[in-house]
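# Observations on the three-dimensional arrangement
Spelled out from the first residue to the last, the chains are:
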Amino acid sequence: MKAQRIGVLTGGGDAPGLNPAIKGLVYRASEHGIAVVGLYDGWRSLLDPPLETWPLDRETVRRWDRDGGTNLGSSRTNPFKAPNEAGERVDRSAEVVKNMERLGLDAVVACGGEDTLGVAARLAQKGVPVVGVPKTIDKDLAGTDYTLGFDTALRNVTEIIERSRTPAGSHGWVQIIEVMGRHAGHLALWSGVAGQADLILIPEHPFSYAKVFAHLRERMGDPNRLTRDPLRPRYSVIVVAEGAYSEDGQIVTVDDRQDAFGHARLGGIGETLARKIREQTPYDARSAAIGHPQRGGQPSPIDRIMGMMFGARAADAVAVGDFGKMVSARGVAPACDLSLVDLSVVVGNLNTVDVERYYDTERYHMKDLGM
């Protein structure tokens, strides 16, 4: 039976490109005669009362392609490990199915990353009609070349790297920029290349503090010898992913608490590195953890285009009943081919930086740039 009414939700961290995806979904769904309702705050919307929805038509979402974040709200709710009335985390996935029936939903389009789409994959195995749209600024989802939010975050981080040069150069210190990237260093690597950072540290390859110190000495020389030699810069910029770690250390976390998907909150490797530079070298060092603003602001043109394309392709999948799939991109617009892949590809798989192809493990930078 053809779907008549579907819900759309956004889960996990917000990202530019989600609202364009919802617009693309609504516009194409209207051509198929399918009504769309927004579900608030991710998978939580299908667990906790009241079961509110937001009817979405072409007029409602007409300007959404310009909006960053997600107008539907988000959460990191895991229906397979959600708190019950006693506060215990239990499997409440059956409630998702029951509440879809209560809301008269024939299918759900879930926009998210590894965790949100991992839930979608498990629900699909239970027979729930679901289609996924890939979103994460980390760009670490398997099965697709592009995930919504990456290009905008890349633009934001690159701008901050460039701005960091002014104070670093004025004071002659090492400026460390900590960016997001739990398991994958795509954002750190490519923003570091675009912003011309001197060193880039990523989760895929443990770094050596001694090697970092040696690079700083090679670049900056004696800090007590005043010079304006353009071949001997007075400062250095290092980009480090939050999930990066040293050869003799562990991933640095904010605290020991874990979310519903078993993830600890990462953060602090930038400050740890800055402290060691101050203690073990003659250089001053400062760190800046960009945090959530790196995924803020209006979506870039690429994220607007890819979002609307992803949303439209998801609506097409719903229209023909091709469920249990995720929209996949090979290439990036305008040279982009869209297809559908099984949602199971995102479970237990990550798209990480191809170290052998792209990363110089001696220089801690992209290969073949001559830097």
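Scroll up to find the structure this text is about.
Summarised in this report is the structure supplied together with it.

Parameters and conventions
Note that residues are indexed from 1 along each chain, following the sequence as it is written. Local features are withheld for residues below a pLDDT of 70 in this predicted model, meaning they are given only at 70 or higher, and side-chain atom pairs are given and counted only at 80 or more; totals for whole chains, interfaces and linings count all residues. Side-chain numbers here rest on the full set of heavy atoms in the structure, without hydrogens or water. Runs of H or I in DSSP of at least four residues are treated as helices and runs of E of at least two as strands, each being numbered from the N terminus. Distance and chemistry together define a polar contact, namely a pair of N or O atoms within 3.5 Å, with one atom able to donate a hydrogen and the other to accept it when in protein, and with adjacent residues in sequence counting only for side-chain atoms on both sides. In this description, contact between two residues means that some pair of their heavy atoms is separated by no more than 4.5 Å. Any two rings among Phe, Tyr and Trp, with Trp reduced to its six-membered ring, count as a pair given centres within 6.5 Å; such a pair is stacked if its planes are under 30 degrees apart, edge-to-face if over 60, and tilted if neither. Partly exposed describes any residue whose relative accessible area lies between the buried limit of under 20% and the exposed limit of over 50%, with all areas from a 1.4 Å probe on protein chains only and scaled to the type maximum. Whether a charge lies above a ring is judged from NZ of Lys or CZ of Arg, which has to be within 6 Å of the ring centre and within 35 degrees of the ring normal. We treat two strands as partners when DSSP finds at least two bridges between them. All axes are obtained by fitting lines to C-alpha atoms, using only the stretch in contact for helices, and the reported angles, taken between N-to-C directions, cover 0 to 180 degrees. The criterion is simple. A nonpolar core is a set of buried Ala, Val, Leu, Ile, Met, Phe, Trp, Tyr and Cys residues joined through side-chain atoms within 4.5 Å. If an angle is under 35 degrees, it is roughly parallel; if it is over 145, roughly antiparallel; if it lies from 65 to 115, roughly perpendicular; otherwise it is oblique. Take the far helix as the reference: if the near one is turned anticlockwise from it by less than a right angle, the crossing is left-handed, and if turned clockwise, right-handed. Note on residue classes: Ala, Val, Leu, Ile, Met, Phe, Trp, Tyr, Cys and Pro are nonpolar, Asp, Glu, Lys and Arg are charged, and everything else, Gly too, is polar. Any carboxyl oxygen of Asp or Glu within 4 Å of a side-chain nitrogen of Lys or Arg constitutes a salt bridge here. With its strands directed away from the observer, a crossover is right-handed exactly when the path from the first strand over the helix to the second travels clockwise.

### Details of the side chain of H215
By the element assignment, H215 lies in helix α6 (residues 209-220). From its side chain, H215 meets the backbone oxygen of E362 in a polar contact 2.9 Å long. Excluding residues within four positions of it along the chain, H215 makes contact with L199, E362, R363 and Y364.

### Description of the packing of aromatic side chains
Two aromatic rings, taken as a pair, are described by how far apart their centres are and by the angle between their planes. Throughout the structure, instances matching the rule amount to 5 aromatic pairs. Aromatic side chains W54 and W64 sit 5.2 Å apart centroid to centroid with 65° between the ring planes, which places their arrangement in the edge-to-face category. One end of the pair, W54, is in strand β3 (residues 53-56); the other, W64, is in the loop between β3 and β4 (82-83), with 10 residues separating them in the sequence. Judged by its relative accessible area of 27%, W54 falls in the partly exposed class. Three or more aromatic residues joined by ring pairs make a cluster, and in this case those are Y40, W54 and W64. The lysine or arginine in question, R58, covers the ring of Y27, its NZ or CZ lying 4.0 Å from the ring centre. The lysine or arginine in question, R122, covers the ring of F80, its NZ or CZ lying 3.9 Å from the ring centre.

### Quick notes on the sheet that holds β3
One open sheet holds the 7 strands; their spatial order is β3-β2-β1-β6-β7-β14-β15, and the pairing between them is mixed. Looking at strand neighbours, the two that pair on one side only are β3 and β15 (335-342), the edges of this open sheet. Adjacent strand axes in the sheet meet at a mean angle of 25°, parallel and antiparallel pairs treated alike. Where strand β1 (residues 5-10) lies against strand β6 (residues 107-112), 5 bridges are found, and the strand directions are parallel. Directly across from V8, in β6, lies its bridge partner V109. Here helix α8 (residues 301-319) sits on the sheet in contact with β1, β6, β7 (130-134), β14 (325-332) and β15, set at roughly 145° to β14.

### Focus on the nonpolar core
Within the largest apolar cluster, 81 residues are counted, with the highest numbers of intra-cluster contacts made by V109, L201, V212, I238 and I277. Considering every element that reaches this core, the biggest residue donor is α8, with 7 residues. Ignoring any residue separated from it by four or fewer positions in sequence, one finds I238 in contact with V174, Q175, I176, I177, L199, L201, V212, L216, L273 and I277. Residues L39, L46, L103 and A110 belong to the second largest nonpolar core, which totals 26 residues.

### Some remarks on the packing of helix α1 (residues 18-31) against α8
Axis angle and axis distance: for two packed helices, these are the angle between their axes and the distance between the axes, and together they describe the pair. For the pair α1 and α8, the least separation of the axes is 6 Å and the interaxial angle reads 40°. Comparing their axes, α8 and α1 come out oblique. As for the relative orientation of α1 and α8, their crossing is right-handed in sense. Here α1 contributes P20, A21, K23, G24, L25, R28 and A29 to the contact with α8, which in turn contributes D303, R304, G307, M308, G311, A312, A314, A315 and D316. Looking at the contact of α1 with α8 residue by residue, the class counts come to 8 nonpolar, 3 polar and 5 charged.

### Overview of the environment of D14
Structurally, D14 can be placed in the loop between β1 and α1. For D14, a relative accessible area of 27% corresponds to the partly exposed category. Beyond its immediate chain neighbours, meaning those up to four positions away, D14 contacts G69, T70 and R295. Engagement of the side chain of D14 in a polar contact is seen with the side chain of R295, the distance being 3.0 Å.

### A look at the pattern of salt bridges
Evaluated as defined, the whole model comprises 14 salt bridges. Among the salt bridges present, the one from R28 reaches D316, with a minimum N-O distance of 2.7 Å. With R28 in helix α1 and D316 in helix α8, this residue pair connects regions lying 288 residues apart in the sequence. On the accessibility criterion, R28 (28% relative accessible area) is partly exposed. Ionic pairing is found between R163 and E159, a salt bridge with its closest N-O pair at 3.1 Å. Of this pair, R163 and E159 both sit in helix α4 (residues 150-171), separated by 4 residues, roughly a single helical turn. Residue classification places R163 among the exposed residues on the basis of a relative accessible area of 57%.

### Brief notes about the sheet that holds strand β9 (residues 199-201)
Overall, parallel pairing links the 4 strands, which are arranged β9-β10-β8-β13 in an open sheet. Strands with a single pairing partner mark the edges of an open sheet, and in this sheet they are β9 and β13 (285-289). On average, each strand axis in the sheet is inclined to that of its neighbour by 20°, with strand direction left out of account. Here 3 bridges tie β9 to strand β10 (residues 236-241), and the two strands are oriented parallel to one another. Within the sheet, the bridge partner assigned to L201 lies in β10 and is V240. Contacting β8 (174-179), β9, β10 and β13, helix α7 (residues 269-280) runs over the sheet at an angle of about 160° to β8.

### Focus on the pairing of strand β2 (residues 35-39)
Here β2 lies mainly inside the structure; 4 of its 5 residues are buried. Pairing of β1 with β2, which is carried by 4 bridges, proceeds in the parallel orientation. Looking at β2, one finds that R5 is bridged to A35. What joins β1 to β2 is α1, and the crossover it makes is right-handed.

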